[in-house]
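Geometric and topological summary
This is what each chain is made of:
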Amino acid sequence: STLGLPPRTLRSRTFESSSPRQFVRAEPSGPAPCSRMRLSYEFSNLCGTVYRQGPLVFGPSGDVLYSAVGNRVQCFDLVRSRSFTFPFEARRNLTQIALSPDGAVLLGVDEEGHLILANVRRRVVVAHLNLKSKVTAVAFSPDGKWVAFAAGRLVQVWATPALERSFTPFALHRTFGGHGDDILCLRWSSDSLFLASGGTDLCVRIHSVHQIPGYVPASLSGHRAAVKAVFFDAADRTLYAVDRGGAVSVWELRERPDADQEAAAATAAELEAAGEAGRGEDRLGQWWELRERHYLDKGHARVTSAVMHAPSRLLVVGFSSGVFALYEMPSCNEIHTLSVSDGRIDATAVSPGGEWLAFCCAQ
């Protein structure tokens, strides 16, 4: 009865034999003992979740939101008002998460650079990888073929692994350098051919995923503070760089006046003859020029997060004062401002269709 079970009664049974003796055996008539109960519990959900660090990621449909909670990943269904936690966990607290464009592959990187590759539909871990460095940014390419990691001063581009188990699921494609300090942000172009990176060295670099003869990565300097976020427009002809000081630099891709057009045409013809056309060779003979620079005046508040919805040209900026603002680009007209917290806004996300805005505050 101390275990919460009903009292067990004894029932006697008599066995007859050739001898006059009688043997009595006591049998329980109550429920089965606890040792016979099935105790195969499975992880269901994590209650009382608290955000600490990491980005926010929307699913392809725009109705599902993923967030890192400690060493696990939480999923929120915004339409049905439900949530669940993936049963797997990382070695340490997650600092970066990323979702493939089709929503099938989920990547999580912890504080020590250990990566887990998970199948979203089956909610299981498929592979592990040790990047051996702290990762500050992760980004899938729009076509889903590549995934980029910012590790210190380097950018690593890996081929997106398949969900089937294999001995070597990860394959390193290229490693880019050139930054003088840690990288803070990554952004792919819409054609998945170029990758922009910005960091604390006040510089933005644009790398080519494929090797193009004669192409030199562009270095966009002149920013007054660490570059917090970079974005391409829908046509990939304009780039926006947002620094911590609140300055938004607008760069445009134009024809270079001193470019050798004949050499660029010869390189494009060689790539086409080799069957390697369409790798971004049209960028030869072009460079990026600073068109204008806008300043977001929010007192002494610093920019802590930013995200852009390229189809609608909407820029969402979160500040250290707990205020977020919406701007229409490229004119940078302020549309709306709202205070959502007393602490800084650590992460900002916008759904693919632009219907939802998500913010995270660790404080």
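Throughout what follows, the structure given in this document is the object of discussion. Per chain, the residues get numbers from 1 upward, laid out in the order the sequence is written. Note on the predicted model: pLDDT of at least 70 is required for a residue's local features to be given, and 80 or more for side-chain atom pairs to be given and counted; whole-chain, interface and lining totals, by contrast, use all residues. Heavy atoms throughout the structure, all of them, feed into the side-chain values; hydrogens and water do not.

Moving on, we get to the pattern of salt bridges. Salt bridge, as used here: a side-chain nitrogen of Lys or Arg that lies within 4 Å of a carboxyl oxygen of Asp or Glu. Taken as a whole and assessed by the stated rule, the structure comprises 9 salt bridges. Its salt-bridge partner being E112, residue R92 comes within 3.3 Å of it at the nearest N-O pair. Here R92, found in the loop between β8 (82–85) and β9 (94–99), pairs with E112, found in the loop between β10 (105–110) and β11 (114–119); they are 20 residues apart in sequence, far enough to count as distant. Burial classes: relative accessible area under 20% of the type maximum marks a residue as buried, over 50% as exposed, and values in between as partly exposed (1.4 Å probe, protein chains only). Classification of E112 as partly exposed rests on a relative accessible area of 39%. A salt bridge links R291 to E252; the nearest nitrogen and oxygen atoms lie 2.3 Å apart. In this pair, R291 sits in strand β24 (residues 286–295) while E252 sits in strand β23 (residues 247–255), placing the two residues 39 residues apart along the sequence. A relative accessible area of 33% means that R291 is categorised as partly exposed. Looking at E252, the relative accessible area reads 16%, which means it is buried. Put simply, E252, R254, E289, R291 and E292 are held in one network by salt bridges that share partners. Helix numbers and strand numbers start at the N terminus; a helix is a DSSP run of H or I with at least 4 residues, a strand a run of E with at least 2.

Turning to the layout of surface pockets, a few remarks are in order. Summary: where empty space remains is shown by rolling a probe the size of a single water molecule over the atoms. When its volume is computed, the second largest pocket comes out at roughly 460 Å³. Around the second largest pocket, the lining is made up of 22 residues, and of these V216, R256, R283, G285 and Q286 lie nearest the centre. Those elements that place two or more of their residues in the lining of the second largest pocket are β20 (218–220), α1 (261–273) and β24. Using only the protein atoms, space was sampled on a 1 Å grid; points where a 1.4 Å probe fits but cannot get out form cavities, open sets with protein on both sides within 12 Å along at least five of seven lines form pockets, and lining residues are those with an atom within 4 Å of a point. Grid points are joined across faces, edges and corners, and a volume is the space filled by probe spheres set on the points.

What follows is about the environment of G318. Among the secondary structure elements, G318 is positioned in strand β26 (residues 314–319). Relative accessible area serves as the criterion here: at 0%, G318 is assigned to the buried category. Put simply, G318 and A347 are 29 residues apart on the chain and 7.8 Å apart in space, counted from C-alpha to C-alpha. When checking whether two residues touch, look at their non-hydrogen atoms; a contact exists if any pair is within 4.5 Å. The contact partners of G318, leaving out residues within four places of it in the chain, are R302, V303, T304, S305, V323, F324, I345 and T348.

Topologically, G62 is positioned in the loop between β5 (56–58) and β6 (64–69). Distance from G62 to D77, taken between C-alpha atoms, is 9.6 Å for residues 15 residues apart in sequence. Residues in contact with G62, not counting those within four places in the same chain, are L78, S351, P352 and W356.

The element strand β13 (residues 135–140) is extensively covered by neighbouring structure, given that 5 of its 6 residues are classed as buried. Two strands form a pair only when DSSP identifies at least two bridges running between them. With 5 bridges connecting them, β13 and strand β14 (residues 146–151) associate as antiparallel partners. Bridged to A139 within β14 is A148. Counted along the chain from β13 to the antiparallel partner β14, the turn is 5 residues long, and its residue G144 has a positive phi close to 80°.

Strand order in the open sheet made by the 4 strands is β5-β6-β7-β8, with antiparallel pairing throughout. Lying at the two open borders of the sheet, with one neighbouring strand each, are β5 and β8. The average undirected angle you get between the axes of adjacent strands in this sheet is 20°. With 6 bridges joining them, β6 and strand β7 (residues 72–77) adopt antiparallel strand pairing. The residue of β7 that forms the bridge with V69 is R72. Inter-axis angles, ranging from 0 to 180 degrees, are taken between N-to-C directions of lines fitted to C-alpha atoms, where helices are fitted over the stretch in contact.

What follows deals with the packing of aromatic side chains. Only the six-membered ring of Trp is used, alongside the rings of Phe and Tyr, when aromatic pairs are assigned; centres must lie within 6.5 Å, and planes under 30 degrees apart are stacked while those over 60 apart are edge-to-face, with the rest tilted. The tally for this structure, following the rule as stated, stands at 7 aromatic pairs. When the ring of F194 is compared with that of Y215, the centres are 5.7 Å apart and the planes differ by 55°; the resulting orientation is tilted. Note that F194 is positioned in strand β18 (residues 194–199) and Y215 in the loop between β19 (204–208) and β20, a separation of 21 residues in sequence. Just as F194 is buried, Y215 falls in that class too. Three or more aromatic residues link up through ring pairs in this structure, and these residues are Y66, F84, F86 and F88. Two conditions define a charge located above a ring, namely a distance within 6 Å from the ring centre to NZ of Lys or CZ of Arg, and an angle within 35 degrees of the ring normal. In this structure, R123 packs its charged tip against the face of F84, placed 3.6 Å from the ring centre.

Considering all chains together, one arrives at 1 cavity of 30 Å³ or more under this definition. Volume-wise, the largest cavity comes out at about 40 Å³. Taken together, R52, Q53, A68, V69, G70, N93 and L94 make up the full set of residues lining the largest cavity. Charged residues are taken to be Asp, Glu, Lys and Arg, nonpolar residues to be Ala, Val, Leu, Ile, Met, Phe, Trp, Tyr, Cys and Pro, and polar residues to be all remaining types, Gly included. Broken down by class, the residue content of the lining of the largest cavity amounts to 3 nonpolar, 3 polar and 1 charged.

With that settled, consider the side chain of D236. Residue position: D236 is located in the loop between β21 (227–232) and β22 (238–243). A relative accessible area of 4% places D236 in the buried class. For D236, the side chain forms a polar contact with the side chain of S190, separated by 2.5 Å. The contacts of D236, once residues within four sequence positions are left out, are S189, S190, D191, L253, R283 and W288. Identification of polar contacts relies on pairs of N or O atoms within 3.5 Å, with a donor-acceptor requirement for protein atoms, meaning one able to donate a hydrogen and the other able to accept it, and with residues adjacent in sequence counted only if both atoms are side-chain atoms.

Turning our eyes to something else, we now look at the sheet that holds β18. Within the open sheet, the 4 strands sit side by side as β17-β18-β19-β20. Their pairing is antiparallel. Edge positions in the sheet fall to β17 (183–188) and β20, since each has one partner strand and no second. Taking each pair of neighbouring strands and ignoring which way they run, the sheet shows an average axis angle of 20°. Both β18 and β19 contribute to a ladder of 5 bridges, which runs antiparallel. The partner of S197 across the bridge, within β19, is R205.

Note that all results are geometric; they support no functional claim without further evidence.
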